[in-house]
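Structural overview for review
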Amino acid sequence: MAMGGQRRKKGGRVTPRRGLGGPSGVARLSAGERMGLEDIFARCLRSARNDLSDDMEPLGVEVWASQMVSIWEGMSLVDMDPVAMFAGGLITYAGARRKPEGLMVLRALGAVAPEPYGSNARRAADRLAEAGVAEPEWGPLLGEAIPTSAWLMFDSVDDDGVSVMVGFDGPV
């Protein structure tokens, strides 16, 4: 029994401890939590080999990265910023691997991720390319399309939502 008549709880922490000196919104992780995140990042790079083929259109690559960022932005983590945890972590992980799939992920995130992650991904991608990692064919074309028109579409009878349509000029 602990002081005050309270029993001590068994087991470890459920919530990671907030780290000092780490990126804002990122907690200090246990070894097991770090291993789990690295497994997620490794799976992401492996899937990029199949999902982001060289013959893919730049728009498809941007959609792939946008979907990942959307998932992270929609998450809720205790005492942590999920975008900092996942985008920041994946950028660091991919940049350290010096593999084509790492460069693919970094180029894709560099085109659509919010700041500071977009610029961090672009810098890490540039370092990999300078080190001789093969650049995907679509790499230089990402982020080059220019929006030229936009319009709203809706159903005035059923009123079940509004879609925003955007037209682009440039590589697709």
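Below: a short report on this structure. (Residues numbered from 1 in each chain as written. Predicted model: local features only at pLDDT ≥ 70, side-chain atom pairs only at ≥ 80, totals over all residues. Heavy atoms only, no water.)

Regarding the side chain of Glu 101
Examined against the element boundaries, Glu 101 turns out to sit in helix α4 (residues 100–112). Leave out the neighbours within four places in its chain, and Glu 101 touches Leu 45, Ala 48 and Arg 49. (Helix = DSSP H or I, 4+ residues; strand = E, 2+ residues; numbered from the N terminus. Contact = heavy atoms within 4.5 Å.)

What about the packing of aromatic side chains?
On inspection of all chains with the given rule, the structure shows two aromatic pairs. Centroid distance Phe 41 to Tyr 93: 5.8 Å. Interplanar angle 50°. Geometry classified as tilted. On the criterion of sequence distance, the pair formed by Phe 41 in helix α1 (residues 31–51) and Tyr 93 in helix α3 (residues 82–97) is long-range, its members being 52 residues apart. Measuring from centroid to centroid gives 6.4 Å for Trp 72 and Phe 86, while their planes differ by 10°, and the two rings are stacked. Taken together, the residues span a long stretch of sequence, with Trp 72 in helix α2 (residues 58–73) and Phe 86 in helix α3 at a distance of 14 residues. In this structure, Arg 97 is placed above the aromatic ring of Tyr 93, and the distance from its NZ or CZ to the ring centre is 3.6 Å. (Phe/Tyr/Trp six-rings, centres within 6.5 Å; stacked < 30°, edge-to-face > 60°. Lys NZ or Arg CZ within 6 Å of the ring centre and 35° of its normal.)

Notes on the side chain of Arg 107
Among the secondary structure elements, Arg 107 is positioned in helix α4. Looking at Arg 107, the relative accessible area reads 16%, which means it is buried. Side chain to side chain, Arg 107 and Glu 135 meet in a polar contact 2.7 Å long. Not counting the four nearest positions on each side in its chain, Arg 107 is found in contact with Arg 122, Ala 125, Asp 126, Ala 129, Glu 135, Trp 138 and Leu 142. (Buried < 20%, exposed > 50% of the residue type's maximum accessible area, 1.4 Å probe, protein only. Polar contact = N/O pair within 3.5 Å; in protein donor to acceptor, adjacent residues only side chain to side chain.)

Quick notes on the pattern of salt bridges
The final tally for this structure, using the stated rule, is five salt bridges. Asp 39 is paired through a salt bridge with Arg 43; the nearest N and O atoms lie 2.9 Å apart. Here Asp 39 and its partner Arg 43 are both found in helix α1, four residues apart, which amounts to about one turn of the helix. Two residues, Glu 101 and Arg 49, come together in a salt bridge whose shortest N-O distance is 3.3 Å. One end of the pair, Glu 101, is in helix α4; the other, Arg 49, is in helix α1, and 52 residues separate them in sequence. Taken together, the shared-partner salt bridges in this structure form one network comprising Arg 107, Asp 126 and Glu 135. (Salt bridge = Lys/Arg side-chain N within 4 Å of Asp/Glu carboxyl O.)

A word on the nonpolar core
Ranked by internal contacts, the top residues of the largest apolar core, which has 39 residues, are Trp 64, Trp 72, Leu 90, Leu 106 and Leu 109. Contributions of two or more residues to this core are made by α1, α2, α3, α4 and α5 (117–130). Considering each element in turn, this core owes the most residues, nine residues, to α3. (Core = buried A, V, L, I, M, F, W, Y, C linked by side-chain atoms within 4.5 Å.)

Description of a negative patch on the surface
Taken together, the side chains of Asp 54, Asp 55, Glu 57 and Glu 137 define an acidic patch exposed on the protein surface. If you trace the backbone, Glu 137 turns up in the loop between α5 and β3 (146–154). Assessed through its relative accessible area of 59%, Glu 137 is described here as exposed. (Patch = residues over 30% accessible without salt bridge, like charges linked within 9 Å, V, L, I, M, F, W, Y side chains within 5 Å. Areas by Shrake-Rupley, 256 points an atom, 1.4 Å probe, with all protein chains shown as cover. Lys, Arg positive; Asp, Glu negative; His and termini not counted. Charge placed at Lys NZ, Arg CZ, Asp CG, Glu CD.)

Things to note about a nonpolar patch on the surface
On the surface, a nonpolar cluster with roughly 630 Å² of combined accessible area is contributed by Leu 152, Phe 154, Val 162, Val 164, Val 166 and Phe 168. For the nonpolar patch, the elements supplying multiple residues, two or more each, are β3 and β4 (162–169). For the nonpolar patch, the element with the most residues is β4, which contributes four residues. What makes Val 162 exposed here is its relative accessible area of 55%.

Quick look at the environment of Asp 51
Residue placement: Asp 51 occurs in helix α1. Here Asp 51 falls in the partly exposed class, since its relative accessible area comes to 36%. Taking the C-alpha atoms as reference, Asp 51 lies 8.5 Å from Val 61; in sequence the two are ten residues apart. Ignoring anything within four residues of it in the chain, the contact list for Asp 51 reads Met 56 and Trp 64.

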